[in-house]
Amino acid sequence: MVCNVDIHGCFLIKVINIMRSLPQSAIVQVADDKAARLLLASKQMAAYANRDYYQAQIQLDAYNCMRVSCPDEFDTLEQLFKAALRQPPYAVLVKGLQFDEHYRLLVALNCSLGKLVARPFDKKTPRAQLIHHVAPQTDIYNQNKAKDAVAKLSEKMHIDGADRLAPVRYVTMQCVRADSRGEGRSRLLDIHGIYNLLKQGMEQEQIDLLENEPVPWQIADYLCGGICWRPVLAEQAIHWRRYSIEAALASENISLSEKMMETLAQVDLLIEQDCRYKIEFLMAPGDFLIVDNLRCLHARSVITDADTKRLMYRAWVE
Ligand SMILES: O=C(O)CCC(=O)C(=O)O
Ligand SMILES: [Fe+2]
C-alpha cells in the first residue's frame, strides 16, 4: 500500500498485492541420496510418542543419535540452515527431506536450534502436544471480523507464542499434506521489510513509540494468564500479534494513549495491505520451514476448502 496526500489533505491508498518469491539463499535443497541416509538413520532410533518428547533428554537423544549415525549429512544440513537463518528473511526452507513417522528426524532438526517447547499435552487438542498438528480446522477464528475481513488469525501476519512470557525464538513447520487446491500459501515478512513499511507509512515519532512504549500482551491460561508489557519493536526484534494486545486491553482495566492506539491500527494496516516486502510460496509435502520468530512474521493465505486435508507439524524452539 502506498499513501500519498492529495490536494485536499486526504490519504490516497493504493493496495499493492504482488509478493516476492523466496530468495534462493533461503532455500536448502537436500539431495535424494542424502535424504535417504537421513531417513534410514532416523528409523534406527528408538520410536517415542509425541508426548515423550516433552522430556528434553529424549529430544537430545534424538539429536545426538542423528549426529552419530549420519554425521556428514546431518551436520552439513545443520550448518547450511543456520547460515541461511542469519540473513534476511531470517527463514529457511529445506526441501527434499524424507521424514519418519515418529518425529525422530523432525525433533533432531529442531533440537539443533534449541529446546522444543509446547502447551501442556492435551489429547483432545491436536495442537497441544510437543509436535503441534496444525490443520485449518483447528485454527483460531478472528473475533475482530467486524473491523477486518480476515477470518482466521493464521491468515494475519504474526509471531507465534506472543501469549508466552517471552515469545519462542523459532517456529518450524514440516508440511505433511498440502491443500489440494494449492491454497494456504506460506507468507513471510522480515524486520527490514517491516521497518521499510513503517518508515514510509508513519511518522518517526510513532516508530519511536513502538520501540519505547510497552503495550500489554495477554498471557496464555496455561501460563497462569494475566498480562505482560513489552514494546512492539525491540532491538532487532518484532513482537506482533494484534489479537494478543486487543485481548489484554479487553480483559484488564487498562488503556493506551490515543496516539498508541492509532499507531497500532496503522501498523496492522501497513503490514496486512502493503505486500511489497512480503514473500509468498507454497510448501509441498516433505518441505521443512524454519522461521526466526523474532525477526520475521509469518502467516498463510486463505484456504477455502473447509474439508482440506492440509496438515503441518509445527514446533516451537527456544
Ligand atoms: O498453517 C500455516 O502455514 C501457519 C499457521 C500459523 O501460523 C498458526 O496457526 O500460527
Ligand atoms: Fe503462526
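Rules behind the numbers
- Residues numbered from 1 in each chain as written.
- Chains lettered and ligands numbered in written order.
- Predicted model: local features only at pLDDT ≥ 70, side-chain atom pairs only at ≥ 80, totals over all residues.
- Heavy atoms only, no water.
- Near = heavy atom within 4 Å.
- Polar contact = N/O pair within 3.5 Å; in protein donor to acceptor, adjacent residues only side chain to side chain.
- Areas by Shrake-Rupley, 256 points an atom, 1.4 Å probe, with all protein chains shown as cover.
- Nonpolar A, V, L, I, M, F, W, Y, C, P; charged D, E, K, R; others polar.
- Helix = DSSP H or I, 4+ residues; strand = E, 2+ residues; numbered from the N terminus.
- Buried < 20%, exposed > 50% of the residue type's maximum accessible area, 1.4 Å probe, protein only.
- Salt bridge = Lys/Arg side-chain N within 4 Å of Asp/Glu carboxyl O.
- Pairing = 2+ DSSP bridges.
- Phe/Tyr/Trp six-rings, centres within 6.5 Å; stacked < 30°, edge-to-face > 60°.
- Lys NZ or Arg CZ within 6 Å of the ring centre and 35° of its normal.

Draft legend 1. Quick look at the site of ligand 1. Every residue close to ligand 1 is listed here: Arg127, Val134, Ser154, His158, Asp160, Met173, His298, Arg300, Arg310 and Arg314. Residue Arg310 places a side-chain N or O atom 2.8 Å away from an oxygen atom belonging to ligand 1. The separation between an oxygen atom of ligand 1 and a polar side-chain atom of Arg314 is 3.0 Å. Within the complex, 93% of the 300 Å² of free accessible area of ligand 1 lies under protein. Grouping the constituent residues of the shell around ligand 1 by class yields two nonpolar, three polar and five charged.

Draft legend 2. Spotlight on the environment of Asp221. Checked against the element boundaries, Asp221 lands in the loop between strand S9 (215-218) and strand S10 (227-230). Judged by its relative accessible area of 70%, Asp221 is exposed. With 132 residues separating them along the chain, Asp221 and Pro89 place their C-alpha atoms 32 Å apart.

Draft legend 3. Looking closely at the pattern of salt bridges. Here the structure, examined in full by the defined rule, presents 22 salt bridges. A salt bridge links Asp287 to Lys95, with the nearest nitrogen and oxygen atoms 2.8 Å apart. Here Asp287, found in the loop between strand S13 (279-281) and strand S14 (288-292), pairs with Lys95, found in strand S4 (residues 91-95); they are 192 residues apart in sequence, far enough to count as distant. What makes Asp287 buried here is its relative accessible area of 3%. Its relative accessible area of 23% is what places Lys95 among the partly exposed residues. Its salt-bridge partner being Arg164, residue Glu318 comes within 3.8 Å of it at the nearest N-O pair. Residue Glu318 is found in the segment after strand S16 (311-317), and its partner Arg164 is found in the loop between strand S6 (132-134) and strand S7 (170-177); the two are separated by 154 residues along the sequence. Glu318 sits in the partly exposed class, given a relative accessible area of 46%.

Draft legend 4. A look at the pairing of S7. Here S7 lies mainly inside the structure; six of its eight residues are buried. Sheet topology note: the S7/S14 ladder contains five bridges and is antiparallel. The partner of Val171 across the bridge, within S14, is Val291. Here S7 runs beside S16; their pairing, made up of seven bridges, is antiparallel. From the neighbouring strand, Arg177 faces S16, where its bridge partner is Leu311.

Draft legend 5. Representation of the packing of aromatic side chains in the model. For the structure on display, the rule yields four aromatic pairs. Both rings, one in Tyr63 and one in Phe74, keep their centres 5.8 Å apart while their planes meet at 65 degrees; by these two values the pair is edge-to-face. One end of the pair, Tyr63, is in helix H2 (residues 56-69); the other, Phe74, is in helix H3 (residues 71-85), and 11 residues separate them in sequence. Considered together, Tyr63 and Phe74 belong to a single accessibility category, that of buried residues. When the ring centre of Trp217 is taken as reference, the NZ or CZ atom of Arg230 above it lies at 5.1 Å. Just above the ring of Tyr90 sits the side chain of Arg295; from NZ or CZ to the centre is 4.7 Å.

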